[in-house]
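Inside the fold
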Amino acid sequence: MSFDRNFKHLLRVRVKEFNIPPISDGREAPIGCAAFRKALELLVVSPFEHIELDDDVIGDILVRRAFLRRVPQDYLVQFVLQRIKPLMGSEEIMQLDLNAEILIEDETL
């Protein structure tokens, strides 16, 4: 999917630890991303996209597919690695409340 570079993206993010027992761990968790993804599929109607990362702290990102229609995947990954990774350890699963506000400027109308 290509994105128009005339769009300006503003991400507002609320970060909190995801505390649904027995899921409390991240990359080093006894329960992995596949089990967590299956739980989300059972609990939430909207489909999720699975992004695997080769990183020492963050192994996976699960994000609503609808969100990726508004924000490019590479931008989201870069944002998570630069802004969220320093706030977490490999033993955590973090839940991000992501809201994408997009400003569209079009001078052709």
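Our subject is the structure that appears above.
Description of the structure in this document. (Residues numbered from 1 in each chain as written. Predicted model: local features only at pLDDT ≥ 70, side-chain atom pairs only at ≥ 80, totals over all residues. Heavy atoms only, no water.)

1. What to know about the overall build of the protein chain
We apply this condition: Working definition: helices are DSSP H or I runs of at least four residues, strands are E runs of at least two. Numbering for both runs from the N terminus. Residue contacts are counted whenever heavy atoms from the two residues lie within 4.5 Å of one another. Here, Shrake-Rupley sampling with a 1.4 Å probe gives the accessible areas, and only protein chains in the shown set may cover a residue.
A tally of helices and strands in the protein chain yields three helices and four strands. In the protein chain, the order of α-helices and β-strands from amino to carboxyl end is β-α-β-β-α-α-β. Here the contacts in the protein chain between residues at least 6 apart in sequence split such that 68% fall between residues at least 24 apart. Carbon and sulfur atoms make up 49% of the accessible area of the protein chain, which amounts to about 7800 Å² in all.

2. Focus: the nonpolar core
Here is the rule we go by: We define the nonpolar core as a collection of buried residues of types Ala, Val, Leu, Ile, Met, Phe, Trp, Tyr and Cys that are connected through side-chain atoms lying within 4.5 Å of one another. Burial classification: accessible surface area is computed with a 1.4 Å probe over protein chains only, and a residue below 20% of its type maximum counts as buried, one above 50% as exposed, and the rest as partly exposed.
Ranked by internal contacts, the top residues of the largest apolar core, which has 17 residues, are Ile 51, Ile 58, Ile 61, Val 63, Phe 67 and Leu 76. At the level of secondary structure, the elements contributing two or more residues to this core comprise strand E3 (60-64), helix H2 (65-68) and helix H3 (73-84). Counting residues per element, this core draws most heavily on H3, at five residues. Not counting chain neighbours up to four residues away, the residues in contact with Phe 67 comprise Leu 11, Leu 76, Leu 98, Asn 99 and Ala 100. Of all hydrophobic cores here, the second largest spans five residues; its members include Cys 33, Leu 40, Leu 62 and Ile 93.

3. Here's the deal with the pattern of salt bridges
We apply this condition: What makes a salt bridge here is a side-chain nitrogen of Lys or Arg within 4 Å of a carboxyl oxygen of Asp or Glu, nothing more.
Tallied over the full model, the rule gives three salt bridges. Salt-bridge contacts for Lys 85 lead to Asp 55; the nearest nitrogen and oxygen are separated by 2.8 Å. Placement of Lys 85 in the loop between H3 and strand E4 (94-104) and of Asp 55 in the loop between strand E2 (48-52) and E3 is noted, with a sequence separation of 30 residues between them. For Asp 55, a relative accessible area of 15% gives the class buried. Here Asp 56 makes a salt bridge to Lys 85, at a shortest N to O gap of 3.0 Å. You can see Asp 56 sitting in the loop between E2 and E3 and its partner Lys 85 sitting in the loop between H3 and E4, a full 29 residues away along the chain. Using a relative accessible area of 23% as the deciding quantity, one classes Lys 85 as partly exposed. Here the salt bridges do not stand alone but share partners, grouping Asp 55, Asp 56 and Lys 85 into one network.

4. What to know about the side chain of Glu 92
To keep it simple, the criterion reads: The sign given to each residue is positive for Lys and Arg and negative for Asp and Glu; His and the chain ends receive no count. In protein, a polar contact requires one atom able to donate a hydrogen and another able to accept it; more generally it is a pair of N or O atoms within 3.5 Å, and residues adjacent in sequence count only if both atoms are side-chain atoms.
Note on placement: Glu 92 falls in the loop between H3 and E4. Buried and unpaired, Glu 92 has no salt bridge, with Lys 85 as the nearest side chain of opposite charge at 13 Å. Separated by 2.7 Å, the side chain of Glu 92 and the backbone nitrogen of Gly 89 make a polar contact.

5. Description of the environment of Glu 49
Inspection of the secondary structure puts Glu 49 in strand E2. What makes Glu 49 partly exposed here is its relative accessible area of 26%. Each C-alpha atom, one on Glu 49 and one on Arg 37, is 9.3 Å from the other, the two residues being 12 residues apart in sequence. In contact with Glu 49, other than residues within four places in its own chain, are Ile 61, Leu 62, Val 63, Arg 65 and Leu 68. For Glu 49, the side chain forms a polar contact with the side chain of Arg 65, separated by 2.9 Å.

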